[in-house]
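Given next are the chains, with one letter for each unit.
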Amino acid sequence: MHESKDLEPRSVEECRQRNDWPKWKEAMKAELDSLAKREVFGPVVRTPEDVKPVGYKWVFVRKRNEKNEVVRYKARLVAQGFSQRPGIDYEETYSPVVDAITLRYLVSLSAYHKLHMHLMDVVTAYLYGSLDRDIYMKVPEGLKISKPSNEYSQGLYSVKLQRSLYGLKQSGRMWYNRLTEYLAKNGFKNDDICPCVFIKKSASEFIIIAVYVDDLNIIGTPEEIPTIIKTLKEEFEMKDLGKTKFCLGLQIEHIKMGSLFIKQHTQKKILKRFYMDKSHPLSTPMIVRSLDVEKDQFRPKEENEDILGPEVPYLSAIGALMYLANNTRPNISFVVNLLARYSSSPTRRHWSGIKQIFRYLHGMVDMGLFYPYGSKSQLVGYADARYLSDPHKGRSQTGYLFTYGGTAISWRSTKQTIAATSSNHAEILAIHEASRECFWLRSLIQYILSSCGLIDHKIAPTVLFEDNTACITQLKGGYIKGDRTKHISPKFFFTHDLQNQGTIDVQQIRSSDNLADLFTKSLPKSSFERLVHEIGMRRFRDIK
């Protein structure tokens, strides 16, 4: 992998030895001034006998824009929360953030209704939270104090924290509670189904705020957005980043007529990191796979093969590819899931498969998800299974996809944990997983649309396409204890109950038209490209 010659400093001493020390010094001063402004530090007191103060650390980073240019030097003073004791220094630590599926749905909703997306960043967000425990911290370097410095080195004195600080176990939760309290006071509401989506409905308009820690994506009409920005700035110090173009590693392009296009900002960086930025491009991410145990290129390690050493960054590559596959590149989900199985004992064959994915990504570096304006706002699902997709372990593959407005918002490709005894059995397991996802997606969409006043009724049953006739027939009849089905657990007939409730409508589709095929098997180039296009993926150069 590429190792940058210009690494970030790891300590104050390293900063002092660099040519850009004045900028780091200024960043440290700005951080301490911000802490003082928020009244984070209380009095410097003698450390109580039964208290072990938490340590601290200075973290230095240079913020970059979408062109990888340094735009800001940032220093952060963080507490070393690993020394906190559960039940004494903290209780609950969970703090929800908006997930990728919800964010993609909101992008689709924005495109359909031609809404604006505006990004706000809360400056030092964690410092707004109030602590629920007494926390003492060692006196940090750079903090102006009046006590003799030798007493600090002996640990006799510490500073009592009055507000949450980055690094503390409960800081994220304290900030989330503080933000939730303020938004609720101003008429916003959220729900357990999506706790990080806050909605406020007025007489004729609505506003949505999607929260990811300190990044607030505000979605609404041009008339409503300035009002809520003003309300937020009255309570929090914020940076107005304008129209949402770069958020959470995603690059959002705003195209004419309100259409939106999202792609992965980090893709070029990942290719360069693994020396694949100048590789020869390929048209598919994997070869057509043979299910013959002896000929399968993706078979497990054999006795005469060597495991890759630490010099080959196999695990790092898998992690980077999973990040892409889970966010904007559903077209590589199957092959990434396949190669991730060999993370503990990868061979040269598996590494060649990784490089083929990188070569495909290099040729399609500008590909992403296209959410067109005016497309039909309807949730549609596809489920599929590949019987004995893993012949070495006797396991099948589950794949499902959900589109909204014709573009993918949720997908999954995973190996089944239960050994299916037939293709029908494998399909029932797959559609069960798809039904669970469908139930949550419908709850999410129902809540957002009704809270915004866009609908006042229950949304129509979601069509879930399946290509196995026996599976569809069996799910309509429900669980029947017969010789061929008695071994299938009744819990996998959850889909039958959803059909009776009018939640989903399972319909048959030809195998060649089932978009979930993309998530269960390797496909020839023509079929692969057709399905990639049908799930809403486009090259940016083709839609500009």
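Residues numbered from 1 in each chain as written. Predicted model: local features only at pLDDT ≥ 70, side-chain atom pairs only at ≥ 80, totals over all residues. Heavy atoms only, no water.

Right, let's get into the packing of helix α3 (residues 100-113) against helix α11 (residues 423-451). Contact geometry for α3 and α11: axes closest at 12 Å, N-to-C directions at 50°. Between α3 and α11, the crossing angle belongs to the class labelled oblique. Crossing of α3 over α11 shows right-handed handedness. Contacts between α3 and α11 pair I101, T102, Y105, L106 and L109 from the former with E437, W440, L441, L444, I445, I448 and L449 from the latter. (Axes fitted to C-alpha atoms, helices over the stretch in contact; angles between N-to-C directions. Helix = DSSP H or I, 4+ residues; strand = E, 2+ residues; numbered from the N terminus. Parallel < 35°, antiparallel > 145°, perpendicular 65-115°, else oblique. Left-handed = near helix turned anticlockwise from the far one by under 90°. Contact = heavy atoms within 4.5 Å.)

Glancing now at the side chain of S108. Locating S108 in the fold gives a position in helix α3. Within the structure, the side chain of S108 is placed 3.3 Å from the backbone oxygen of Y404, a separation counted as a polar contact. For S108, the contacting residues outside a window of four places in its chain are Y371 and Y404. (Polar contact = N/O pair within 3.5 Å; in protein donor to acceptor, adjacent residues only side chain to side chain.)

This part takes up the sheet that holds strand β8 (residues 194-201). Judged by pairing direction, the sheet is antiparallel, and its six strands sit side by side in the order β7-β8-β9-β10-β4-β11 without closing on themselves. This sheet does not close on itself; its edge strands, each paired only once, are β7 (189-191) and β11 (238-243). Within the sheet, the average angular offset between the axes of one strand and its neighbour, ignoring direction, is 25°. Bridging between strand β4 (residues 116-122) and β11 involves four bridges; their strand directions are antiparallel. If you follow D121 over to β11, its bridge partner there is K239. Here helix α5 (residues 171-185) sits on the sheet in contact with β4, β7, β8, β9 (206-212) and β10 (215-220), set at roughly 15° to β8. (Pairing = 2+ DSSP bridges.)

This brings us to the packing of α11 against helix α12 (residues 469-477). Where α11 contacts α12, the axes come no closer than 9 Å and their chain directions differ by 60°. Judged by the angle between their axes, α11 and α12 are oblique. In terms of crossing hand, the pair formed by α11 and α12 is right-handed. On α12, the residues touching N424, E427, I428 and I431 of α11 are A470, C471, Q474 and L475. By residue class, the composition of the contact of α11 with α12 is five nonpolar, two polar and one charged. (Nonpolar A, V, L, I, M, F, W, Y, C, P; charged D, E, K, R; others polar.)

Under the criterion given, the structure shown has 25 salt bridges. Ionic pairing is found between R412 and E433, a salt bridge with its closest N-O pair at 3.3 Å. In this pair, R412 is assigned in strand β18 (residues 407-415) and E433 in helix α11, connecting sequence segments 21 residues apart. Residue classification places R412 among the partly exposed residues on the basis of a relative accessible area of 35%. The partner of D513 in a salt bridge is R510, with the nearest N and O atoms 3.1 Å apart. Residues joined by salt bridges that share partners form a network here, namely K37, R38 and E237. (Salt bridge = Lys/Arg side-chain N within 4 Å of Asp/Glu carboxyl O. Buried < 20%, exposed > 50% of the residue type's maximum accessible area, 1.4 Å probe, protein only.)

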